[in-house]
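Architecture and fold: a report
Below are the chains, spelled out letter by letter.
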Amino acid sequence: MSNISSKPVIGITCGDLNGIGIELIIKTFSDQRMLDQCIPVIYASSRTINFYRKQLNEYPLNFQILRDFQRLQSKHVYVYNCWEEEVNITPGQLTEAGGQFAIRALKTAVDHARKGWIQGLVTAPIHKANTHSADFPYAGHTGFLRDAFEVPDVLMLMIADDLKIGVVTEHIPISEVAAAIKEEIIASKIELLRKSLIRDFAIEMPRIAVLGLNPHAGDDGHIGTEEKTMIAPLIQSLRQQGRMVFGPYSADAFFARAQYRHFHAVLAMYHDQGLIPFKSLTQEPGVNFTAGLPIVRTSPDHGTAFDIAGKNQADPSSFRQAVFACIDMLRNRVAYDESTRNPLKKSELQPE
């Protein structure tokens, strides 16, 4: 088994079979330099990989079929066959099979992660329209991963450059956002963000900015009261506990005046409040990270892109960055865990 501090084993899920996921995977791991950083295990089927590999001749991906995780070796790309049956692949088309087999790959990878066979997980995009079902009652990866790893809460955190933005609510209608904003939920997300900044990003004393829900952060209660009655008192309470949490800030002025540069991370109240400035301000490709899981899970900051699927037009930059981010955070976790394991008692440090 791999030494995480040198080359972690990273599970790579294929995403929707008819999207750009497998193209991104082939383009990323045909570069031999990636194999200096990790041991990739692609969750799909060799037939599916070969279908796309034939269309991408300039990206020579060589892989081995993986049957025994005890036999993993460095400098190899592995494919774990999550199914044997023939699947009709139609790039750019939203089909039932494209989503069903994407979920089969995801569930297999998560099962292996829970067994400790892989240390990190990078997920290619899926589409809600063909994955949501009785067997997968989720809007995306995040909720499924929370339940699969049996953790009480997770945080969707977008990372790029020096900008990190988490969101309290994720993929829900804007009409439901205000009702979903509760003090205990905000408190949970702040704590997840704080712990992640320390352990995953090696930031010893993280400074966190919290945005208001309403325009002008409520304008002292004239444009909504959530800030005055809930968000500001919570921040004050956390500050009294020694947490470096500040706000609530008016979202428009906060980003327009580049106040985010004074903080290690920002917590937005809802999806577009955080992701619009994130995607507008970042110069490098963004990465979606799920904080709060026992493993490191990242993904690119885009969707299935059916409009360009199968056309050799997909840019692998965000996917490649997701792999690098996963590796970096795994190494940070190892360093943090080693530095905090079995600390000496104060009495042991005092001379006799």
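Look up: the structure comes first, before these words.
Quantities reported herein were computed from a predicted structural model and do not represent experimental measurements.

This paragraph deals with helix α11 (residues 317-340). Between its terminal C-alpha atoms α11 stretches 34 Å, which fits the 34 Å expected from 24 residues at 1.5 Å a residue. For α11, every residue scored as buried is listed here: S318, F319, A322, V323, A325, C326, I327, M329, L330 and R333.

Let us look at the sheet that holds strand β8 (residues 208-211). Across a sheet, paired strands are connected by hydrogen bonds in the backbone, their directions being either parallel or antiparallel. Strand order across the open sheet formed by twelve strands is β3-β4-β2-β1-β5-β12-β11-β6-β7-β10-β8-β9, with mixed pairing between neighbours. Strands at the two margins of the open sheet, each flanked by one partner only, are β3 (64-65) and β9 (245-249). Across three bridges, β8 lies against strand β10 (residues 265-268) in parallel orientation. Residue pairing in the sheet places A209 in a bridge with V266 of β10. Running at roughly 130° to strand β4 (residues 78-81), helix α2 (residues 46-53) makes contact with β2 (39-44), β3 and β4 of the sheet.

This part is about the packing of aromatic side chains. For the coordinates displayed, the defined rule picks out 15 aromatic pairs. Measuring from ring centre to ring centre gives 6.0 Å for F254 and F263, while their planes differ by 35°; the resulting arrangement is tilted. Residue F254 is classed as buried on the basis of its relative accessible area of 0%. Overall, F263 belongs to the buried group, its relative accessible area being 10%. Here a set of aromatic residues connected by ring pairs shows up, and it is made of F246, Y249, F254, F255, Y260 and F263. The ring of F201 has K164 lying over it, and the distance from NZ or CZ to the ring centre is 5.0 Å.

In this structure, the largest pocket encloses a volume near 450 Å³. Elements supplying a minimum of two residues to the lining of the largest pocket: α5 (141-148), β6 (155-160), α10 (271-281) and β12 (296-300). As a volume, the second largest pocket reaches approximately 350 Å³. Lining the second largest pocket are 18 residues, and of these G143, R146, E170, H171 and I172 lie nearest its centre. If you list the elements that add at least two residues to the lining of the second largest pocket, you get α5 and α7 (183-199). Top element by residues in the lining of the second largest pocket is α5. It accounts for four residues. Within the lining of the second largest pocket, the residues separate by chemical class into eight nonpolar, six polar and four charged.

To continue, consider the packing of helix α1 (residues 21-29) against α11. Packing of α1 against α11 leaves a shortest axis separation of 9 Å and a crossing angle of 65°. Between α1 and α11 lies a crossing whose hand is right-handed. Where α1 approaches α11, its residues L24, I25, T28 and F29 are matched on the opposing element by F319, R320 and V323.

Here the focus is α10. Two residues of an α-helix separated by three or four positions point the same way, owing to the 3.6 residues in each turn. Looking only at α10, the buried set comprises Q273, G274, L275, P277 and F278. In the core, the buried residues of α10 are packed alongside β6, β7 (163-167), β8, α9 (251-256), β10 and β11 (287-291).

A separate point is the nonpolar core. Core analysis: the biggest nonpolar cluster contains 96 residues, and F29, W83, F149, I186 and F319 have the highest contact counts within it. Core analysis: the next-biggest nonpolar cluster, separate from the first, contains 19 residues, A160, F246, V266 and L275 among them.

The two faces of a sheet get side chains in turn, since along a regular strand they alternate between them. The buried count for β7 comes to five of five residues, which makes it a mostly enclosed element. Of the two faces of β7, the one holding L163, I165 and V167 and the one holding K164 and G166 are both buried throughout. Pairing geometry for β6 and β7, over five bridges, is antiparallel. Among the inter-strand pairings, M158 is bridged to a residue of β7, identified as I165. Counted along the chain from β6 to the antiparallel partner β7, the turn is two residues long, and its residue D161 has a positive phi close to 50°. Pairing geometry for β7 and β10, over three bridges, is parallel. Note on β10: the bridge partner recorded for I165 is V266.

Bringing the pattern of salt bridges into the picture now. Counted according to the given criterion, the structure contains 15 salt bridges. Between D200 and R333 there is a salt bridge whose closest N-O contact spans 2.5 Å. Linking D200 in the loop between α7 and β8 with R333 in helix α11, this pair joins segments that are 133 residues apart in sequence. A single burial state applies to D200 and to R333, both of which are buried. Because the salt bridges share partners, they merge into one network encompassing E191, R194, K195 and R243.

Looking now at the pairing of β6. The element β6 is extensively covered by neighbouring structure, given that six of its six residues are classed as buried. Across the two faces of β6 the burial is the same, with L155, L157 and I159 and M156, M158 and A160 all buried. When β6 meets β11, the two strands line up antiparallel, connected through five bridges. Bridge pairing links M158 to N288 in β11.

What counts, and at which threshold
Residues numbered from 1 in each chain as written. Predicted model: local features only at pLDDT ≥ 70, side-chain atom pairs only at ≥ 80, totals over all residues. Heavy atoms only, no water. Helix = DSSP H or I, 4+ residues; strand = E, 2+ residues; numbered from the N terminus. Expected span 1.5 Å × (residues − 1). Buried < 20%, exposed > 50% of the residue type's maximum accessible area, 1.4 Å probe, protein only. Pairing = 2+ DSSP bridges. Contact = heavy atoms within 4.5 Å. Axes fitted to C-alpha atoms, helices over the stretch in contact; angles between N-to-C directions. Phe/Tyr/Trp six-rings, centres within 6.5 Å; stacked < 30°, edge-to-face > 60°. Lys NZ or Arg CZ within 6 Å of the ring centre and 35° of its normal. 1 Å grid on protein atoms, 1.4 Å probe; cavity = no way out; pocket = protein on both sides within 12 Å on 5 of 7 lines; lining within 4 Å. Points joined across faces, edges and corners; volume = space filled by probe spheres on them. Nonpolar A, V, L, I, M, F, W, Y, C, P; charged D, E, K, R; others polar. Left-handed = near helix turned anticlockwise from the far one by under 90°. Core = buried A, V, L, I, M, F, W, Y, C linked by side-chain atoms within 4.5 Å. Salt bridge = Lys/Arg side-chain N within 4 Å of Asp/Glu carboxyl O.

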